[in-house]
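A closer look at the structure
Residue strings, one per chain:
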Amino acid sequence: MEVNVDNCLEPVAKEIQTNCEKKSNDPETVKNQYHSESITEGMQLKSEEKVNEIEPIKKEYQLESSADEIQINSDEKYSEVRLEEKENQTESVAKGDPFAYLDRDDFTSEKYKIEIRNLPKHYGIAEFKKLINIKLALNCSKVKTPNRNGKWLYMCFRSEEDKNTALGILNGYNWKNTKLDASNAKAVPDPLVKKRNEQFDECPDVKKIKLDNAGAEQQMISAVTPFYNISYDEQLIQKTNSIKNVLMDYSRRLKRIKCGQGILDWLKKQQDVNNGLPCELLEIQSLIDDPEKCVGYRNKCEFTIGMDVENKEPVVGFRVGAYNQGKTSVAPIDNISNVPQRMKDVVKCFQDLVRASKLPVFDPENYTGHWRQLTVRLSLKTEQLMLICVVHTENMEDSVLNSLKQLILSYFTEGAGTDCKVDSLYFQKAKKRAAGEGNYFPLELLYGQEYIVEEVKGLKFRISPESFFQINTAASEVLFDAAKDLASINSQTTVLDVCCGSGTIGLSIAKDCAQVIGVEIQEAAVTMAKLNATENGITNAIFFAGKAEEVLNRREFQNPENANDVVAIVDPPRAGLRKEATGFILYCIDNKSLIYFIQLNTL
């Protein structure tokens, strides 16, 4: 069904024009009335009345002409369904087909999957991938292991032909004196539908009472900020205990592997002097003496655009729960303590645009709808603001897409969104990936500069849409100082900054050491690191693009300058470093200091 956006986007045009006329007379009044009256009044007017009553304004948006051109494919009877959902106070728990997603045209690795059993007793995933990708040249798109050191694994393919070819080769194939057993594997059920079916089995003849918005918001707050209701002192105690548990688990795992008697003797000595821990646990360095920095500290948030649970109104906020928990609803972020107030205001303003447009929000279950995500990056020191609007563009023609982008651009540069003072506005398309496609979709700059600037320890850093940056700027300064002190970095030290990103850590330490050598796999990040070094007048830092294990194997790293005092600082992604990279790092530092940042669950 096609929904003519003459009926969807004209309220936005009317609202923006009306607000701009009022703005020239009484800006403060418009700001206060924007959220309560203008959208409701605009949406109630008929299209013919709007065309006749709207007076020309000084800045011509041409939004009506854009709306006339837009024809967006939407869910059938979307408006009628929303009205029915609002009227119902309860919903039936009905069984659905958890495998219906396999019948859609879009690609999923679950369609063409095989199971490999009878694997050798000792093997590595890297070894297996070399076997299937290099030696056997199978077109495998993904290898999945159900658990660590599992006795079986799954292989996924992009077509039935590739899957059948692999089955014929691998079933009975002799690898490491073991005959592999390959067979078709069942697809996993959609976790959302599976959860609903479980509810049906528990009470098949009963209607469940919907969770109201207040309850949904409380669930979301508890998930996003689990320590929100305890004092900061108690938070530090719980985090310390959490780290102790990690170290204790490490000790147990170390004893289970064949690491040699020397390592076990060392471990016992460490545990004897450190209360059972494999190393000394220092006191957590925190911002407890500066309580203002303990709230509203996030400089980046990715907000989901979805529906609330009670009124089925579009909301820009955080998910109430995970998809595999059977939850797709979104709750507002008004009472989230770690989101800055300015970011909350921006989200509320963007939510007004979403609601006024009447375009359906993205449905993750069926991959329908359009409004999907809003990413906000905010420098808490320079106050520069970046927005990234992510829109699901499946079944949208180019003319439709261009008109929607123009609507967003006009809203933030000439409409009510000007109050947000956006410095950098991006648009990103998103759709269900097809076979052979990656998950990445390019970003398009609609307005402003390509980056914003953040300050850390007196240095200015460019932050692009995809730059990795510590989420808490104030805490990152404490972190960098702690790393410098722990490694006893001085004017004779060479700092090896592995997974350096845009160079934040290394450049922050550069003035206190002899040289910084940065390694990063993403070329764009390395380019940004070099620019950051130049703009801050730092001359003793060099950066290399490539995999850590490949870059560190170059001749210039075999005998680095100041080889007697080399410190490695590693801030890897959650998956960690490859074994080869770890070996090269240990060779370069030659039993000196290694600072490894481990990502734990934090607020």
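Residues numbered from 1 in each chain as written. Predicted model: local features only at pLDDT ≥ 70, side-chain atom pairs only at ≥ 80, totals over all residues. Heavy atoms only, no water.

Description of the overall build of the chain
On a plain count of helices and strands, the chain comes out with 18 helices and 24 strands. A buried classification covers 43% of the 603 residues belonging to the chain. Taking as baseline every contact in the chain between residues at least 6 positions apart, the subset at least 24 positions apart corresponds to 68%. Accessible surface for the chain amounts to roughly 32,300 Å². Of this, 47% is attributable to carbon and sulfur atoms. (Helix = DSSP H or I, 4+ residues; strand = E, 2+ residues; numbered from the N terminus. Buried < 20%, exposed > 50% of the residue type's maximum accessible area, 1.4 Å probe, protein only. Contact = heavy atoms within 4.5 Å. Areas by Shrake-Rupley, 256 points an atom, 1.4 Å probe, with all protein chains shown as cover.)

Remarks on the nonpolar core
Counting residues in each nonpolar core, the largest one holds 46 residues, and the members touching the most others are F303, F350, W371, L387, I408 and F412. Broken down by secondary-structure element, the contributors of at least two residues to this core are α9 (213-224), β11 (300-307), β12 (314-319), α12 (341-357), β14 (371-378), β15 (385-392), α13 (398-413) and β16 (424-430). Core analysis: the next-biggest nonpolar cluster, separate from the first, contains 32 residues, M386, C500, L507 and A533 among them. (Core = buried A, V, L, I, M, F, W, Y, C linked by side-chain atoms within 4.5 Å.)

Digging into helix α6 (residues 125-135)
Residues of α6 that are buried include every one of F128, L131 and I132, and no others. Mapping the buried residues of α6 onto a view down its axis gives an arc of 80 degrees, with all of them on the same face. Summarising the geometry of α6, the exposed residues directed more than 90 degrees from the buried face are K130 and I134. Taken from the residues just after α6, A137 is the one with a positive phi, measuring 55 degrees. (Arc of directions from axis to C-beta.)

Side note on the packing of helix α10 (residues 232-256) against helix α11 (residues 261-273)
Where α10 contacts α11, the two axes come as close as 10 Å, and the packing angle between them is 155 degrees. By the criterion of interaxial angle, the relationship of α10 to α11 is roughly antiparallel. As for how α10 packs across α11, the hand of that crossing is left-handed. Of the residues in α11, those in contact with S251, L254 and K255 of α10 are I263, L264, L267 and Q271. (Axes fitted to C-alpha atoms, helices over the stretch in contact; angles between N-to-C directions. Parallel < 35°, antiparallel > 145°, perpendicular 65-115°, else oblique. Left-handed = near helix turned anticlockwise from the far one by under 90°.)

Digging into the side chain of N274
Relative to the helices and strands, N274 is located in the loop between α11 and β11. Apart from the residues lying within four places of it in its own chain, the contact partners of N274 are C279 and E280.

Some details on the sheet that holds strand β6 (residues 153-157)
Spatially, 4 strands are ordered β5-β6-β4-β9 in an open sheet, and the strand pairing comes out antiparallel. This sheet does not close on itself; its edge strands, each paired only once, are β5 (140-144) and β9 (181-184). Strand after strand, the sheet turns through a mean of 25 degrees between neighbouring axes, direction not considered. Here 4 bridges tie β5 to β6, and the two strands are oriented antiparallel to one another. Bridge assignment links V143 to a residue of β6, and that residue is M155. Contacts from α6 reach β4 (113-117), β5 and β6, with the element oriented near 155 degrees to β5. Sitting on the sheet, helix α7 (residues 160-170) touches β4, β6 and β9, and the angle it makes with β4 is about 15 degrees. (Pairing = 2+ DSSP bridges.)

Describing α11
An α-helical turn contains 3.6 residues, so any two residues separated by three or four positions project in the same direction. Spanning 13 residues, α11 covers 19 Å between terminal C-alpha atoms, matching the ideal 18 Å at 1.5 Å per step. Once α11 finishes, N275 follows within two positions and takes phi at roughly 55 degrees, a positive value. (Expected span 1.5 Å × (residues − 1).)

Some words on the sheet that holds β11
Strand order in the open sheet made by the 7 strands is β13-β12-β11-β14-β15-β16-β17, with mixed pairing throughout. At either margin of the open sheet sits one strand with a lone partner, and together these are β13 (330-331) and β17 (443-448). One ladder, built from 5 bridges, connects β11 with β14; its direction is antiparallel. In the sheet register, T304 faces β14, and the bridge partner there is Q373. Packing of α13 onto the sheet brings it into contact with β14, β15, β16 and β17, and relative to β16 it is tilted by some 155 degrees.

Some thoughts on the pattern of salt bridges
A side chain of one charge can pair with a side chain of the opposite charge if their charged atoms are brought near each other. Evaluation of the coordinates by the stated rule reveals 16 salt bridges. Between R117 and E115 there is a salt bridge; the shortest N-O distance is 2.3 Å. Given a relative accessible area of 34%, R117 falls into the partly exposed group. Since its relative accessible area comes to 15%, E115 is described here as buried. A salt bridge links D290 to K293, with the nearest nitrogen and oxygen atoms 3.5 Å apart. (Salt bridge = Lys/Arg side-chain N within 4 Å of Asp/Glu carboxyl O.)

Observations regarding the environment of Y451
Within the secondary structure layout, Y451 lies in the loop between β17 and β18 (452-456). Y451 has contacts with Q384, M386, S424, R462, I463 and S464, leaving out every residue within four places of it along the chain.

A word on the packing of α12 against α13
For any two helices packed against each other, the geometry is given by the interaxial angle and the distance between the axes. Viewed as axis vectors pointing N to C, α12 and α13 meet at an angle of 135 degrees, and their least axial separation amounts to 12 Å. In this view, α12 runs oblique relative to α13, as classed from their interaxial angle. In this structure, the crossing between α12 and α13 has a hand that is right-handed. Residues C349, F350, D352 and L353 of α12 form the contact with α13, whose own contacting residues are L407, I408, Y411 and F412. Broken down by class, the residue content of the contact of α12 with α13 amounts to 7 nonpolar, no polar and 1 charged. (Nonpolar A, V, L, I, M, F, W, Y, C, P; charged D, E, K, R; others polar.)

Quick notes on the pairing of β4
Where burial is concerned, most of β4 is hidden: 4 out of the 5 residues are buried. Note that β4 and β6 share 4 bridges and pair antiparallel. From the neighbouring strand, I116 faces β6, where its bridge partner is L153. When β4 meets β9, the two strands line up antiparallel, connected through 4 bridges.

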